[in-house]
Structures are given as C-alpha cells and as structure tokens.
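# Chain and residue survey
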Amino acid sequence: MRKKIVAGNWKMNNDLNQTISLIEELKKNHFNEVSVMIAPSSPFSKIAADLLENSPIEVIAQNIHQKSNGAYTGEVSCDMLKSIGILTTLIGHSERRAYFNEDDFVLLEKVKFAIDSGMNIIFCFGEQLKDRKSNKHFDIVKSQLENTVLKLNSESWKNIILAYEPVWAIGTGETASPEQAQEMHEFVRSCISKSYGDIISDEISILYGGSVKPSNAIEIFSKKDVDGGLIGGASLNAFDFSEIIKANK
Ligand code: 13P
C-alpha cells in the first residue's frame, strides 16, 4: 500500500513565534490516515521537533549539503539534522534549482549523500512553462529523473518520495488540472517501472505540488497516481493546511 502524504514546505517564512503558533494550531488536529510533514526554516527545526515530539507530524528539512561537514559557510549537514531527530529532507526544489544553481549533477550528489546517510528524501522535479508550451514536459521530467534518482540502486527507493511540482504552478495560483497531474504521475510511475519493475513503482508515493488549496485538493488527490501533496503557501495557514490534509482520503 502506498503511503498517503501531505507535506508543508514553509520555505523562508515564519519567525520563531509564528512557527510555534502554527505548530500549536496543527497539533490540535488528528490526522489519522495521512502522513503529515512540515518543513520549517532551519533555525526552527529543533524547536519544531521538540514541540512535535509526541505527535505523528514529522518535521523535515528543506535542504541539505552534499558533504558531511567542513568549511561550507551557511550550509546544514545530514548529521546535524539527524542529531535533532530529522530524518527526511526535500531535495531538488525548483527554487533551489533556479536561485541557487542546483543542477542535476549537484542534485544527484545530494540525493546519494542523503540516502547513504540514512535519510529519506522528497525529490522534487517539474517542467517550466516554456517546456509545457512547447510540449516538452514529459521529456524534461524524464531527463530530470534519469540524471538523478533513476541512477540509484533499487535498494535506495525505499527512502524516496517523489514530488511533481510544475514550476508554472508554484506560487502562481495556477494549478495543474487533476488530469495534467494524473498523466504526469502515471508517466513518472512508468519510468520507474521500466528501470526497477512494478513492485517498486507501485510502492512509490508521488506527491503533487503547485498552488494546492482546500478548494482544489480533493479533486487532485482523487487521481489514482496522486498520493498527496507538497504544499507551499497554503501550508502557512493552519486551517487551510488541515483542510488539505483531510482532503487526502
Ligand atoms: P505553492 O503551494 O505556494 O504553490 O508552493 C508549492 C511548493 O513549492 C511546495 O514545495
């Protein structure tokens, strides 16, 4: 059975007080059938993990560095995260690709390092608007995956969650239609199946991200290859985020 997951990526939002009060609001809910994750900004990872110590809500990281330690000013290592109980990280978010020049080569290093360190990853990928307009979205996604996660051995796949985030839908209010999400997720699953077989491809959770809101979540999550969502803006509001989680039935 594939896991149903809803993860909130808070990006560079929320100060200490806002982080605490959002977590306290979320804790009031009981999300039974869905794995819920939140990715606060790194200064607040530890306090978030402490606040959620006895809660099923998992605190995850937004990014990791691909080296174990050393002179890498401003970076956060897998060991640091593990030492505060954080065992999952996003890798490959389009904002990391666009603003921090993370290309497939670096992302493969990060993916390998995180998995070798015993962490789980949510690997993000997705095409830009120009790719979709020129009907290259399947080719782009295929190459993003072939250059990174599809290079891993089959054993690694138990540590992987995928997140399809079309760049044109992130923070724009324009979401992929449920049909567009479904056809891409199905395509991705078929790529995994070709490399690793049906057992692995059937087990992988593939999340959709890009302007998911309470008003569109039910329809998107109802698609058979969509196992949940990676939520940006709407995850900053406890009510909206909870409604989105509840929509993942
Ligand atoms: P929005 O939900 O704000 O479009 O962001 C999606 C996202 O980038 C999650 O990682």
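Description of the structure in this document. (Residues numbered from 1 in each chain as written. Predicted model: local features only at pLDDT ≥ 70, side-chain atom pairs only at ≥ 80, totals over all residues. Heavy atoms only, no water.)

### With respect to the overall build of the protein
Looking only at helices and strands, the protein has 11 helices and 8 strands in total. The C-alpha atoms of the protein give a radius of gyration of 17 Å, which matches the 18 Å a tight globule of 249 residues would have. Along the first, second and third principal axes, the C-alpha set of the protein runs to 45 × 45 × 35 Å. Counting all 249 residues of the protein, 52% fall into the buried class. Residue pairs at least 24 apart in sequence account for 72% of intrachain contacts in the protein once pairs closer than 6 positions are excluded. Looking at the protein as shown, the accessible area adds up to about 11800 Å², and 51% of this sits on carbon and sulfur atoms. Charge centroids of the protein, computed over 27 positive and 33 negative side chains, lie 2 Å from each other. (Helix = DSSP H or I, 4+ residues; strand = E, 2+ residues; numbered from the N terminus. Rg over C-alpha atoms; globule rule 2.2 N^0.38 Å. Buried < 20%, exposed > 50% of the residue type's maximum accessible area, 1.4 Å probe, protein only. Contact = heavy atoms within 4.5 Å. Areas by Shrake-Rupley, 256 points an atom, 1.4 Å probe, with all protein chains shown as cover. Lys, Arg positive; Asp, Glu negative; His and termini not counted. Charge placed at Lys NZ, Arg CZ, Asp CG, Glu CD.)

### So, the site of the ligand
In the region of the ligand, 13 residues are neighbours, and Lys 11, His 93, Gly 171, Ser 211 and Gly 233 sit closest. Out of a free accessible area of 300 Å², the ligand has 95% covered by protein chains. In terms of residue class, the shell around the ligand is made up of 4 nonpolar, 7 polar and 2 charged. (Near = heavy atom within 4 Å. Nonpolar A, V, L, I, M, F, W, Y, C, P; charged D, E, K, R; others polar.)

### Side note on the environment of Leu 129
On the secondary structure map, Leu 129 appears in helix H6 (residues 129–133). C-alpha separation for the pair Leu 129 and Ala 169, spaced 40 residues apart in sequence, amounts to 8.6 Å.

### Overview of the packing of helix H1 (residues 16–27) against helix H11 (residues 238–246)
Following both chains from N to C, one finds H1 and H11 inclined at 40°, their axes separated by 9 Å at the closest point. What the angle tells us is that H1 and H11 run oblique. The crossing of H1 and H11 is right-handed. Residue-level inspection shows Leu 22, Glu 25 and Leu 26 of H1 in contact with H11, the latter providing Ala 238, Phe 241 and Ser 242. When its residues are assigned to classes, the contact of H1 with H11 shows 4 nonpolar, 1 polar and 1 charged. (Axes fitted to C-alpha atoms, helices over the stretch in contact; angles between N-to-C directions. Parallel < 35°, antiparallel > 145°, perpendicular 65-115°, else oblique. Left-handed = near helix turned anticlockwise from the far one by under 90°.)

### Section: the layout of surface pockets
Unfilled space is identified by rolling a water-sized probe across the atoms. Space inside the largest pocket adds up to approximately 550 Å³. Lining the largest pocket are 20 residues; nearest its centre among them are Lys 11, Met 12, Gln 62, Asn 63 and Arg 96. For the lining of the largest pocket, the residue count by class is 8 nonpolar, 8 polar and 4 charged. Along the walls of the second largest pocket sit 20 residues, with Trp 157, Lys 158, Asn 159, Ile 160 and Ile 161 positioned nearest its centre. Put simply, the parts of the chain that give the lining of the second largest pocket at least two residues each are strand E5 (120–125), strand E6 (160–164) and helix H9 (198–203). (1 Å grid on protein atoms, 1.4 Å probe; cavity = no way out; pocket = protein on both sides within 12 Å on 5 of 7 lines; lining within 4 Å. Points joined across faces, edges and corners; volume = space filled by probe spheres on them.)

### Quick word on the pattern of salt bridges
Tallied over the full model, the rule gives 19 salt bridges. Residue Glu 24 is joined to Lys 27 by a salt bridge in which the shortest nitrogen-to-oxygen separation is 3.8 Å. Linking Glu 24 with Lys 27, this pair stays in helix H1, spanning 3 residues, or about one helical turn. In this structure Glu 24 comes out as partly exposed when scored by relative accessible area, which is 33%. On the basis of relative accessible area, Lys 27 is assigned to the partly exposed category, the value being 35%. Taking the shortest distance from any N to any O, the salt bridge between Lys 46 and Asp 50 comes out at 2.9 Å. Placement of both Lys 46 and Asp 50 in helix H2 (residues 45–51) is noted, with a separation of 4 residues, approximately one turn of the helix. Among the residues examined, Lys 46 registers a relative accessible area of 41% and is labelled partly exposed. Take Asp 50: its relative accessible area is 42%, and that puts it in the partly exposed class. Each member of the salt-bridge network shares a partner with another, and the members are Arg 2, Arg 189, Lys 224, Asp 225 and Asp 227. (Salt bridge = Lys/Arg side-chain N within 4 Å of Asp/Glu carboxyl O.)

### Digging into the environment of Gln 128
As for its placement among the helices and strands, Gln 128 is situated in the loop between E5 and H6. Here Gln 128 falls in the partly exposed class, since its relative accessible area comes to 41%. Put simply, Gln 128 and Ile 23 are 105 residues apart on the chain and 32 Å apart in space, counted from C-alpha to C-alpha. Gln 128 has contacts with Val 167 and Trp 168, leaving out every residue within four places of it along the chain.

By themselves, these figures tell us nothing about what the structure is for.
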